[in-house]
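Chain residues, written in single-letter form:
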Amino acid sequence: MKHFTNVKDLGNLQQAVKEALEIKKNRFAYKHLGENKTLLMVFFNSSLRTRLSTQKAGMNLGMNTIVLDINQGAWKLETERGVIMDGDKPEHILEAIPVMGCYCDVIGVRAFAQFEDKAYDYNETIINQFIEHSGKPVFSMEAATGHPLQAFADLITIEEYKKTKRPKVVLTWAPHPRALPQAVPNSFADFMNEAEVDFVITHPKGYELADKFVRGARIEYDQMKAFENADFIYAKNWAAYSDPNYGKILSTDRSWTVSARQMAVTNNAYFMHCLPVRRNMIVTDDVIESLQSIVIPEAANREISAQWVIKKIIEQ
Ligand code: AN0
Ligand code: CP
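Cut-offs applied
- Residues numbered from 1 in each chain as written.
- Chains lettered and ligands numbered in written order.
- Predicted model: local features only at pLDDT ≥ 70, side-chain atom pairs only at ≥ 80, totals over all residues.
- Heavy atoms only, no water.
- Near = heavy atom within 4 Å.
- Polar contact = N/O pair within 3.5 Å; in protein donor to acceptor, adjacent residues only side chain to side chain.
- Areas by Shrake-Rupley, 256 points an atom, 1.4 Å probe, with all protein chains shown as cover.
- Nonpolar A, V, L, I, M, F, W, Y, C, P; charged D, E, K, R; others polar.
- Salt bridge = Lys/Arg side-chain N within 4 Å of Asp/Glu carboxyl O.
- Helix = DSSP H or I, 4+ residues; strand = E, 2+ residues; numbered from the N terminus.
- Buried < 20%, exposed > 50% of the residue type's maximum accessible area, 1.4 Å probe, protein only.
- 1 Å grid on protein atoms, 1.4 Å probe; cavity = no way out; pocket = protein on both sides within 12 Å on 5 of 7 lines; lining within 4 Å.
- Points joined across faces, edges and corners; volume = space filled by probe spheres on them.
- Phe/Tyr/Trp six-rings, centres within 6.5 Å; stacked < 30°, edge-to-face > 60°.
- Lys NZ or Arg CZ within 6 Å of the ring centre and 35° of its normal.

A. Representation of the site of ligand 1. Contacts to ligand 1 come from F112, E142, H147, L180, P181, K236, C274, L275 and P276. One of the side-chain nitrogen or oxygen atoms of E142 is found 2.6 Å away from an oxygen atom of ligand 1. In the environment of ligand 1, an oxygen atom lies 2.7 Å from a nitrogen or oxygen atom belonging to the side chain of K236. For ligand 1, the accessible surface in isolation is 330 Å², of which the surrounding protein chains cover 82%. Looking at the shell around ligand 1 residue by residue, the classes come out as six nonpolar, one polar and two charged.

This is the structure in structure tokens:
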């Protein structure tokens, strides 16, 4: 694998999950693979899990890891070509990227959707510049339209907890006070569509995700109906994708907050969320604290998904 930005880069998904679970049993088995290799992690946005789990994954493989927070101590970067740089940005991304490439063997990039220009976001302009200009393999640590390391960890978690061959998995929108990217639900849908699950998406009207990710998935606008007999509930907020509302909040209806009321109609479903989560907006305290909540093992699997991806890249 050269670059990792979406589910297709994993190849055979079932095989990838199987290998990831093998890694989990003995995560130090490949510690010589990364010897004298450097992993650079570049963050344009905040992170807790991705930062720690990806760095840990690199260390498990014996790599040296460097973390750069663009907004804390690096020069502010101009990202548009042709701009007369007489403003507050002293460096252009077209120099910064190849320079970063000089100091490492693999680059992870976190660059969220900015919600200023839909085409700029959905063309994955920032991470594609890294792919084009760094000269090094690049993987997504959540880019504008996807968070595949998260979705891969989610699938590993579902594989570990499922009680039937083809569980019912429901992705539900939930309210949030800020406009959040579609990256997490996009990638979750992308992975679930390739996995052996009965996949349903529920959200208020107006929150339709891009066809490219939803593909043939069932959409159910009635949240209670969607939850019936579900084995896994995956909650997430996202801002609107469809024009003319791209990046806007259309609803903060707290009847969509996942609570015991909705969980009661499920098949004693597990509750999942990528975290960070706003309690009593996305999910009530009692549901996230219940025995059915698997948000912590889900986060733990971020180390495993990252290790599988970095291992494949450095094995090349
Ligand atoms: C981000 C998002 O919704 O994409 C990161 C989630 C992993 N969440 C927030 O910014 C709160
Ligand atoms: N789930 C996730 O990616 O969390 P962070 O934003 O804390 O990295």
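B. Spatial organisation of the site of ligand 2. S47, L48, R49, T50, R110, H147, Q150, C274, L275 and R302 make up every residue found near ligand 2. R110 places a polar side-chain atom, nitrogen or oxygen, 2.8 Å from an oxygen atom of ligand 2. Within the backbone of L275, an N or O atom sits 2.9 Å from a nitrogen atom of ligand 2. Across the complex, the protein chains shield 93% of the 250 Å² of accessible surface that ligand 2 would expose by itself.

C. Structural context of the pattern of salt bridges. Within the structure shown, the criterion is met by 16 salt bridges. For E196, the salt bridge is made with K165, and the minimal N-O distance between the two is 3.1 Å. With E196 in the loop between α7 (183-194) and β8 (198-202) and K165 in the loop between α6 (148-161) and β7 (168-173), this pair connects stretches of sequence that are 31 residues apart. Exposure remark for K165: the relative accessible area of 61% places this residue in the exposed category. When the shortest N-O distance is used, the salt bridge between D190 and R215 registers 2.5 Å. Within this pair, whereas D190 is found in helix α7, its partner R215 is found in the loop between α8 (211-214) and β9 (218-219), the two being separated by 25 residues in sequence. Take D190: its relative accessible area is 4%, and that puts it in the buried class. If you follow the salt bridges from partner to partner, you end up with R27, K56 and E303 in one network.

D. Region of the structure containing empty space enclosed by the protein. Counted under the stated rule, the structure contains one cavity of 30 Å³ or more. If you add up the space inside the largest cavity, you get close to 50 Å³. Counting residues per element, the ones that place at least two in the lining of the largest cavity are α4 (118-122) and α5 (125-133). Here the lining of the largest cavity takes three residues from α5, the largest share from any one element. Broken down by class, the residue content of the lining of the largest cavity amounts to six nonpolar, two polar and two charged.

E. Spotlight on the packing of aromatic side chains. Following the criterion strictly, the structure yields 13 aromatic pairs and no others. When the ring of F152 is compared with that of W308, the centres are 5.5 Å apart and the planes differ by 85°; the resulting orientation is edge-to-face. Of the two residues, F152 is situated in helix α6 and W308 in helix α12 (residues 295-315); the sequence distance between them amounts to 156 residues. Taken individually, F152 and W308 each receive the classification buried, so the pair is uniform in this respect. Aromatic ring contacts, followed pair by pair, group F115, Y122, Y241 and Y246 into a single cluster. Above the ring of F43, the side-chain terminus of R51 is found at 4.6 Å from the ring centroid. The ring of Y241 has K118 lying over it, and the distance from NZ or CZ to the ring centre is 3.8 Å.

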